[in-house]
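A look at the structure
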2 protein chains.
Amino acid sequence: MKVCKFGGSSVADAKQIKKILNIINNDATKKYIVVSAPGKRHNKDVKVTDLLIGLVEAVTYRKDYQELIAQILERFLQIERELNIRHSLIETFRTQLNDYIMRYQDQPERLTDALKSCGEDFNAQLIASYNNEQGIMTTYLSPGDIGLIVSDEPSNAIVLEESYEKIKNNLAHAEGKVIIPGFFGVNKNGDINTFSRGGSDITGAIIASSLSSDVYENFTDVSGIFSANPNIVDHPASIIQLTYEEMRELSYAGFSVFHDEALLPVYRSQIPVNIKNTNDPDHPGTLITNTRQSTGVVGVSCDTGFASINMKKYLMNREIGFTRRLLSILEDMNISYEHMPSGIDDISIILRAHQLEGKEAKLLEKIEHELKVDALSIEKNIAILMVVGLGMKTLVGTANKATEAFKAHNINLKMINQGSSEISMMFGIEEKDANQAVLAAYEAYFTH
Amino acid sequence: MKVCKFGGSSVADAKQIKKILNIINNDATKKYIVVSAPGKRHNKDVKVTDLLIGLVEAVTYRKDYQELIAQILERFLQIERELNIRHSLIETFRTQLNDYIMRYQDQPERLTDALKSCGEDFNAQLIASYNNEQGIMTTYLSPGDIGLIVSDEPSNAIVLEESYEKIKNNLAHAEGKVIIPGFFGVNKNGDINTFSRGGSDITGAIIASSLSSDVYENFTDVSGIFSANPNIVDHPASIIQLTYEEMRELSYAGFSVFHDEALLPVYRSQIPVNIKNTNDPDHPGTLITNTRQSTGVVGVSCDTGFASINMKKYLMNREIGFTRRLLSILEDMNISYEHMPSGIDDISIILRAHQLEGKEAKLLEKIEHELKVDALSIEKNIAILMVVGLGMKTLVGTANKATEAFKAHNINLKMINQGSSEISMMFGIEEKDANQAVLAAYEAYFTH
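Residues numbered from 1 in each chain as written. Chains lettered and ligands numbered in written order. Predicted model: local features only at pLDDT ≥ 70, side-chain atom pairs only at ≥ 80, totals over all residues. Heavy atoms only, no water.

Some thoughts on the overall build of chain A
Assigned secondary structure in chain A consists of 14 helices and 15 strands. Relative to the globule expectation of 22 Å for 448 residues, the C-alpha radius of gyration of chain A, 24 Å, shows essentially globular dimensions. Seen through its principal axes, chain A has C-alpha atoms that stretch 75 × 50 × 40 Å. The buried share among the 448 residues of chain A stands at 58%. Working note: accessible area of chain A is about 18,000 Å², and carbon and sulfur atoms make up 48% of it. Charge-centre separation for chain A: the mean point of 45 positive side chains lies 1 Å from the mean point of 58 negative side chains. (Helix = DSSP H or I, 4+ residues; strand = E, 2+ residues; numbered from the N terminus. Rg over C-alpha atoms; globule rule 2.2 N^0.38 Å. Buried < 20%, exposed > 50% of the residue type's maximum accessible area, 1.4 Å probe, protein only. Areas by Shrake-Rupley, 256 points an atom, 1.4 Å probe, with all protein chains shown as cover. Lys, Arg positive; Asp, Glu negative; His and termini not counted. Charge placed at Lys NZ, Arg CZ, Asp CG, Glu CD.)

Some points on the packing of helix α1 (residues 14–25) of chain A against helix α5 (residues 108–133) of chain A
All names here are of chain A. Contact geometry for α1 and α5: axes closest at 11 Å, N-to-C directions at 60°. The pairing of α1 with α5 is recorded here as oblique in orientation. Of the two elements, α1 crosses α5, and the hand of that crossing is right-handed. Taking contact as the criterion, the partners of Ile17, Lys18, Ile20, Leu21 and Asn25 in α1 are, on α5, Asn123, Ile127, Tyr130 and Asn131. When grouped by side-chain class, the residues that make up the contact of α1 with α5 number five nonpolar, three polar and one charged. (Axes fitted to C-alpha atoms, helices over the stretch in contact; angles between N-to-C directions. Parallel < 35°, antiparallel > 145°, perpendicular 65-115°, else oblique. Left-handed = near helix turned anticlockwise from the far one by under 90°. Contact = heavy atoms within 4.5 Å. Nonpolar A, V, L, I, M, F, W, Y, C, P; charged D, E, K, R; others polar.)

Regarding the domain arrangement of chain A
Put simply, an interface is often sized by how much accessible area is lost when its parts join up. What the domain assignment reports for chain A is domain 1 (2–221) and domain 2 (299–447). Placing a centre on the C-alpha atoms of domain 1 of chain A and another on those of domain 2 of chain A gives a separation of 39 Å. (Domains from an automatic or database assignment.)

As for helix α7 (residues 162–171) of chain B
One turn of an α-helix holds 3.6 residues; hence residues three or four places apart share an orientation. All names here are of chain B. Among all positions in α7, only Ser163, Tyr164, Ile167 and Leu171 are buried. Summarising the axial view, the buried residues of α7 lie within an arc of 100°, below the 170-degree limit, and thus occupy one face. The inward-facing, buried residues of α7 contact β2 (30–35), α6 (143–146), β4 (177–181), α8 (200–210) and α10 (263–268). (Arc of directions from axis to C-beta.)

Quick look at the side chain of Asp346 of chain A
Secondary-structure assignment places Asp346 of chain A in strand β12 (residues 346–352). For the buried Asp346 of chain A, which has no salt bridge, the nearest side chain bearing the opposite charge is Lys312 of chain A, at an N-O separation of 5.3 Å. Setting aside anything within four residues of it in sequence, one finds Asp346 of chain A in contact with Met311, Lys312 and Met316 of chain A together with Glu249, Ser420, Ser421 and Glu422 of chain B. (Salt bridge = Lys/Arg side-chain N within 4 Å of Asp/Glu carboxyl O.)

Considerations on the interface of chain B and chain A
Across the contact, 62 residues belong to chain B and 62 residues belong to chain A. Buried area between chain B and chain A, summed over both chains or domains, comes out near 5,400 Å², and the portion from carbon and sulfur atoms is 50%. Contact with chain A buries area across many residues of chain B, yet Arg248, Tyr314 and Ile344 of chain B alone supply 14% of it, more than any other trio. Residue Glu245 of chain A is joined to Lys312 of chain B by a salt bridge in which the shortest nitrogen-to-oxygen separation is 3.7 Å. Remark: the boundary between chain B and chain A carries 19 residue pairs in polar contact (both at pLDDT 80 or more). When contributions to the side of chain B that touches chain A are tallied by element, the ones reaching two or more residues are α9 (244–252), α10, β11 (296–312), α11 (322–332), β12 (346–352), β13 (375–390), α13 (398–408) and β14 (415–418) of chain B. For the side of chain B that touches chain A, the class distribution of residues is 23 nonpolar, 20 polar and 19 charged. Looking at chain direction, strand β14 (residues 415–418) of chain A and β14 of chain B are connected through three bridges and run antiparallel. Its bridge partner lying in β14 of chain B, Ile416 of chain A is registered against Gln418 of chain B. (Buried area = accessible area lost by both parts, 1.4 Å probe. Polar contact = N/O pair within 3.5 Å; in protein donor to acceptor, adjacent residues only side chain to side chain. Pairing = 2+ DSSP bridges.)

Focus on the sheet that holds β11 of chain B
Taken in spatial order, the 10 strands make up an open sheet running β12(A)-β11(A)-β13(A)-β15(A)-β14(A)-β14(B)-β15(B)-β13(B)-β11(B)-β12(B), and their pairing is antiparallel. The strands lining the two open edges of the sheet, one partner per strand, are β12 of chain A together with β12 of chain B. Pairs of neighbouring strands in the sheet enclose a mean axial angle of 30°, with direction left out of account. Summarising the sheet, strand β13 (residues 375–390) of chain A and strand β15 (residues 424–430) of chain A pair through seven bridges and their orientation is antiparallel. In the strand pairing of β15 of chain A, Val387 of chain A is matched with Met425 of chain A. Seen against the sheet, helix α11 (residues 322–332) of chain A touches β11 (296–312) and β12 of chain A and runs at an angle of roughly 25° to β12 of chain A.

Some words on the packing of aromatic side chains
Counted under the stated rule, the structure contains 22 aromatic pairs over all chains. Ring centres of Tyr442 of chain B and Phe446 of chain B lie 4.8 Å apart, and the angle between their planes is 15°; this geometry places the pair in the stacked category. Within this pair, Tyr442 of chain B and its partner Phe446 of chain B are both found in helix α14 (residues 434–446), separated by four residues, close to a single helical turn. Among the residues examined, Tyr442 of chain B registers a relative accessible area of 9% and is labelled buried. Through successive ring pairs, a cluster of aromatic residues spans Phe76, Phe93 and Phe122 of chain A. (Phe/Tyr/Trp six-rings, centres within 6.5 Å; stacked < 30°, edge-to-face > 60°.)

What to know about the UniProt feature "binding site: substrate" (unreviewed entry) in chain A
Residues and elements named next belong to chain A. Within this structure's numbering, the places UniProt gives as "binding site: substrate" (unreviewed entry) are Thr49 and Glu120. Judged by maximum C-alpha separation, these annotated positions cover 72 residues in sequence but sit close together in space, the widest gap being only 8.4 Å. With respect to the helices and strands, Thr49 occurs in helix α2 (residues 48–60). Residue classification places Thr49 among the buried positions, given a relative accessible area of 7%. Among residues more than four places away in sequence, those in contact with Thr49 are Ala37, Glu120 and Arg197. (UniProt positions renumbered as here; feature names shortened; annotations may be inferred.)

Here we look at the environment of Met340 of chain A
In this structure, Met340 of chain A sits in the loop between α11 and β12. For Met340 of chain A, a relative accessible area of 2% gives the class buried. In sequence terms Met340 of chain A and Ile350 of chain A are 10 residues apart; their C-alpha atoms lie 6.2 Å from each other. Once residues within four sequence positions are removed from consideration, Met340 of chain A is found in contact with Thr323, Leu327, Ile347, Ser348 and Ile349 of chain A together with Thr323, Met340 and Ser342 of chain B.

Examining helix α3 (residues 66–83) of chain B
Residues and elements named next belong to chain B. Here α3 contains 18 residues, and its C-alpha end-to-end distance of 26 Å stays within 8% of the 26 Å for a straight helix at 1.5 Å per residue. Every buried residue of α3 is accounted for by Ile69, Ile72, Leu73, Arg75, Phe76, Ile79, Glu80 and Leu83. Buried positions along α3 lie against α1 (14–25), α2 (48–60), α4 (90–104) and α5 (108–133). Positive phi shows up at Asn84, right after α3, with a value of about 55°. (Expected span 1.5 Å × (residues − 1).)

Some details on the pairing of strand β1 (residues 2–6) of chain B
Residue and element names in this part refer to chain B. Of all the five residues making up β1, five are buried; the element is thus mostly covered by neighbouring parts of the structure. Here β1 shows two buried faces, one formed by Lys2, Cys4 and Phe6 and the other by Val3 and Lys5. Here β1 pairs with strand β7 (residues 215–220) via five bridges, running parallel. Looking across to β7, one finds that Val3 is bridged to Tyr216. With five bridges connecting them, β1 and β2 associate as parallel partners.

Examining the pairing of β11 of chain B
Of the strand pairs in this sheet, β11 of chain B and β13 of chain B are connected by 13 bridges, and their pairing is antiparallel. Among the inter-strand pairings, Asn310 of chain B is bridged to a residue of β13 of chain B, identified as Ser377 of chain B.

Some words on the relation of the copies chain B and chain A
Laying chain B over chain A is done by rotating through 180° and shifting 0.0 Å along the axis; what remains is an RMSD of 0.1 Å. The relationship between the two copies is best expressed as a two-fold rotation axis. In this assembly, 100% of the residues forming the interface of chain B have copies in chain A that are likewise at the interface, indicating an isologous arrangement. (Least-squares fit on C-alpha atoms with pLDDT ≥ 70 in both.)

The following block contains the structure:
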């Protein structure tokens, strides 16, 4: 039995919806289907989720929002028309939107999550209804119906442990196909709370884990995961297989094909994830598993927006508790760090730069005052490039391939971190060099 | 005005003592002289300090120690004879040794420090007395006389702040040459406490700092500091000038020409240190200063005996406070760490392996239990190689030189840490590769 999830572009219009139903109706093992909200149909299109976020703003700032509701419903109406649906759901949807607005107009967070959930929710209802009209027994079940209970953290909910058992029991006897909207759950009182953006991947992973699915098929609009960003590298190789851990290292530095938080449930229950292409379903795509046979580099990723806080203090390494006190300052200010390379008398904190907004001056002052460092500076516009692959720690010359490539392209290395992870090397570079560095590293590891 | 310190081999016998007196008597600016205990005269010789440590043991275990006292005094007697000293001090020395033994026989720590101090103390008295007999006004002053007050930490004393002012006042009006024994000070009650081994460098640095010496001349038996260990690299280049910070990074990984703790006083008062050779006093030696004009690699050092505790935990980088809790475990067990390279879901603690003795099992258990890591292992026999030099952070290809050299010699890199320090790169390798790696790195940076 398989759980399948279809992303926004896979359910963006009638043509795409027919494709996904073709995929699931022709395979009896594809039983539980998680769908996203309709995504972009073309480059300049607007995602339904973004239309809904616009609606939230209009309601919150007491602007006229009828036009926005019309625009949202028009998207679904168009799908219904093209699918020749007999029993339209549009008026049900309109009532639902207005109900949420009435109920939550003075609770902006509840309003946001309730309205944001409508993209997935309406799409799931519509697709289930259409598949039934085609004579295939299909049930729409909402997250509340199946017992997907989440923490009460609007827009950033986390699944509660009890959900796994509930979902297992609630879905055990479902007949035919089951269509479930992704992206949200309900708290213990039944209020809607969404996951972070792109969270339909998480819904699918939770259901796959609850049901011990043989595989979790995650359909997008690319044939698996590329070994480098295709906007930078021309036709990069596809990754056939990689491990959860390799996936996590790659997504850390910018690979966004599969939602990072969706890995945990499948990792824990060791369910393979297959990233596939709705538009080319016969392509094997990329398989994410617990282990793989071969070793070697699988991918090169790079993310920008990092900053480095550099401290210097003579005899720092004799000062017991220095680092612990430094970490306490960060924790007190609710700033999380990524890496902390240290020399004898130096230490750097590498972090996502956006965390410093509005806190930079105070943070520097606290470090200066509490740790009495000799020198303190912040460097911004740092990119982190990761070379990821099993067996990295035992390969002579793996690091050299990258440093040689960077040298040949005149890219200055601000930081090298190798050896902490057995499956990755990390390089700090200037943001302006990021694309060039990805090209250079890709060339070094994949074309030589 | 200069403060000069002469190491053990520079004052090992009459011939050497004549050399140092020749050096100081011919230069009116060389006024304050710190001397070590007599060192080795040849490869198989025993240092006087080691004879004294043997005496401590004999007394402590109630063995017959008269033979040891005779052996120690014989060293000084031989010097007196060869110098044709008129007024022998040997009986004074004998009384001193027996006094200490009587006074401290039931206080092993006091006994140890008092007896250990005698090597320097007797040598200073003897040299001052001889120089006076030669018609040069010379005063012997003990650390107690000059106000070198230290913490009451036997064998590991630290100078107290008040000493600087005291020494300055006490030495202000000294006439002629002043000879001071190195290696020890007195606590507030007047009890002798020694610095850590090799601590005469520290005494000289404290006096140079107290007196705002123009330069602190530190005489040894090599013409300055080599850019690599001469036991590994054949005739390595001498370093002409380097900064305090570069010196510290080099001594961290095994360069022991100048005592690490001696750097702090001179660093604070910005007094240049000149490492010179008693046997070749015209050689300019190595100058250690606050800054230097040029940039580039000055040295390659390598130290063994490190261990790495490797931890892996899925989603580690989301777990707020993980590292802080890890550091608290180490602090509670009184274990200090050197580096802490981290990946996304991995972290390693690099530390001096001897610290794990008797604590390893408990430490692992605590980490396992309190941090619930997914994987935990200890790797031993790790060497750390440092490539040190100003301007490292901005040089394209600096790292590549080393990685290329290691690859060419088939040396596997367990860890690379570049970027935390602006003046060094750190490489983790297996101990068995240490010498080969030093050779390779030296060749890469100094001969190409």
